[in-house]
Amino acid sequence: MMTSNSRTLKLNTRFDDHWIKKNNSLQYNIHYSNWKKSKQPKTLLRFLQQGYSNKSRGLKLDDNSVCFLTIPSIKGFTINYNQASDVNHRFLFEWLKEYCLEKLAIEQCSYTHTKDIKNDNSNYSERYVLNAKKTADFSTIIVQIEYQNYCVKALKFSVNNPASTPVSLSAIFSSLLT
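The present account deals with the structure reproduced in this document.

Calculation rules
- Residues numbered from 1 in each chain as written.
- Predicted model: local features only at pLDDT ≥ 70, side-chain atom pairs only at ≥ 80, totals over all residues.
- Heavy atoms only, no water.
- Helix = DSSP H or I, 4+ residues; strand = E, 2+ residues; numbered from the N terminus.
- Buried < 20%, exposed > 50% of the residue type's maximum accessible area, 1.4 Å probe, protein only.
- Areas by Shrake-Rupley, 256 points an atom, 1.4 Å probe, with all protein chains shown as cover.
- Phe/Tyr/Trp six-rings, centres within 6.5 Å; stacked < 30°, edge-to-face > 60°.
- Pairing = 2+ DSSP bridges.
- Core = buried A, V, L, I, M, F, W, Y, C linked by side-chain atoms within 4.5 Å.
- Contact = heavy atoms within 4.5 Å.
- Salt bridge = Lys/Arg side-chain N within 4 Å of Asp/Glu carboxyl O.
- Lys, Arg positive; Asp, Glu negative; His and termini not counted.
- Polar contact = N/O pair within 3.5 Å; in protein donor to acceptor, adjacent residues only side chain to side chain.
- Expected span 1.5 Å × (residues − 1).
- Arc of directions from axis to C-beta.

## Some words on the overall build of the protein
When helices and strands are tallied, the protein shows 4 helices and 9 strands. Helices and strands in the protein line up, N terminus first, as β-β-β-α-α-β-β-α-β-β-β-β-α. For the protein, buried positions account for 45% of its 178 residues. With the model as given, the accessible surface of the protein reaches about 10000 Å², and the carbon-plus-sulfur share is 49%.

## Describing the packing of aromatic side chains
For the structure shown, the criterion picks out 13 aromatic pairs. The interplanar angle of 55 degrees and the centroid separation of 5.7 Å between the aromatic rings of Tyr52 and Phe68 together place this pair among those described as tilted. Here Tyr52 is found in helix α2 (residues 40–56), whereas its partner Phe68 is found in strand β4 (residues 66–71), with 16 residues between them in sequence. A relative accessible area of 6% places Tyr52 in the buried class.

## Overview of the pairing of β4
A regular strand places its side chains so that they alternate between the two faces of the sheet. Strand direction decides the pairing type here: β4 and strand β5 (residues 74–80), joined by 6 bridges, are antiparallel. Within the sheet, the bridge partner assigned to Ile71 lies in β5 and is Ile74. Hairpin geometry of β4 and β5 is characterised by an intervening segment of 2 residues between the two adjacent antiparallel strands.

## So, the nonpolar core
If you look at the biggest cluster of nonpolar residues, it comprises 41 residues, and the most contacted ones within it are Leu96, Phe138, Ile141 and Phe157. In terms of residue count, helix α3 (residues 87–103) provides more of this core than any other element does, 7 residues in total. Ignoring any residue separated from it by four or fewer positions in sequence, one finds Phe157 in contact with Lys75, Gly76, Phe77, Leu96, Cys100, Ile141, Ile142, Val143, Leu169 and Ile172.

## Thoughts on the pattern of salt bridges
This structure, assessed with the given rule, holds 4 salt bridges. In this structure, Arg90 engages Glu94 in a salt bridge whose closest nitrogen and oxygen atoms are separated by 2.5 Å. Of the two residues, Arg90 and Glu94 are both situated in helix α3; the distance of 4 residues between them amounts to about one turn of the helix. Exposure class is identical for Arg90 and Glu94. Each is buried. Lys156 serves as the salt-bridge partner of Glu146, at 3.1 Å between the closest nitrogen and oxygen. Highlighted residues: Glu146 in strand β8 (residues 140–148) and Lys156 in strand β9 (residues 151–160), separated in sequence by 10 residues. According to the relative accessible area criterion, Glu146 is partly exposed, its value standing at 22%. With a relative accessible area of 32%, Lys156 lands in the partly exposed category. What you see here is one network of salt bridges that share partners, running through Arg90, Glu94 and Glu126.

## Comments concerning the side chain of Lys75
Along the polypeptide, Lys75 turns up in strand β5. It is Asp137 that comes nearest to the buried, bridge-free Lys75 among opposite-charge side chains, at 13 Å. Within the local environment of Lys75, its side chain forms a polar contact with the backbone oxygen of Ile71, the two atoms lying 3.0 Å apart. Once you skip the residues sitting within four places of it in the chain, Lys75 turns out to touch Tyr52, Leu69, Thr70, Phe157, Ser158, Val159, Val167 and Leu169.

## Quick word on helix α1 (residues 26–37)
Its 12 residues give α1 an end-to-end C-alpha distance of 17 Å, which sits within 8% of 16 Å, the value for a rise of 1.5 Å per residue. Restricting attention to buried positions, one finds in α1 the residues Tyr28, Tyr32 and Trp35. When α1 is viewed along its axis, its buried side chains cluster within an angular range of 60 degrees and face the same direction. Away from its buried face, by an angle of more than 90 degrees, α1 presents the exposed residues Leu26, Gln27 and Lys37.

This is how it looks when you write it as structure tokens:
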């Protein structure tokens, strides 16, 4: 059974056997702030942009943990984590949301937390839905992080449009990297 809660929750989030009080830990906030100032976020974004470019040209991807979705109305990527993950993957989730809000024409942002009751709440996901302004070249961006046994399992990012209008993930990457 899955449940959904659309209000922001204060959760204990586990990363590699460490519990961090989300949005309430000074140590977490300092670490996240330092991570945002580092080169790592934009380096990851450039890596994803290059991978998407290679995929679009039919080239083989070097990293099989990244998958790209390329149907006309939805473009995006999924990063699958096979090993125990660290807090930096959580940071990427938050940073993508913040950066999209800052750099793109976003009108509204909503948050959803969904947990799997059958598995003692150790499997859950968090999602931001970013609705674009009418002037944007896309309609919605979804940023989602999935946890399995309290560790990050996957990070998903998708840009959506009505079926009649193709969306350009390359343009989104370019806008985010400028």
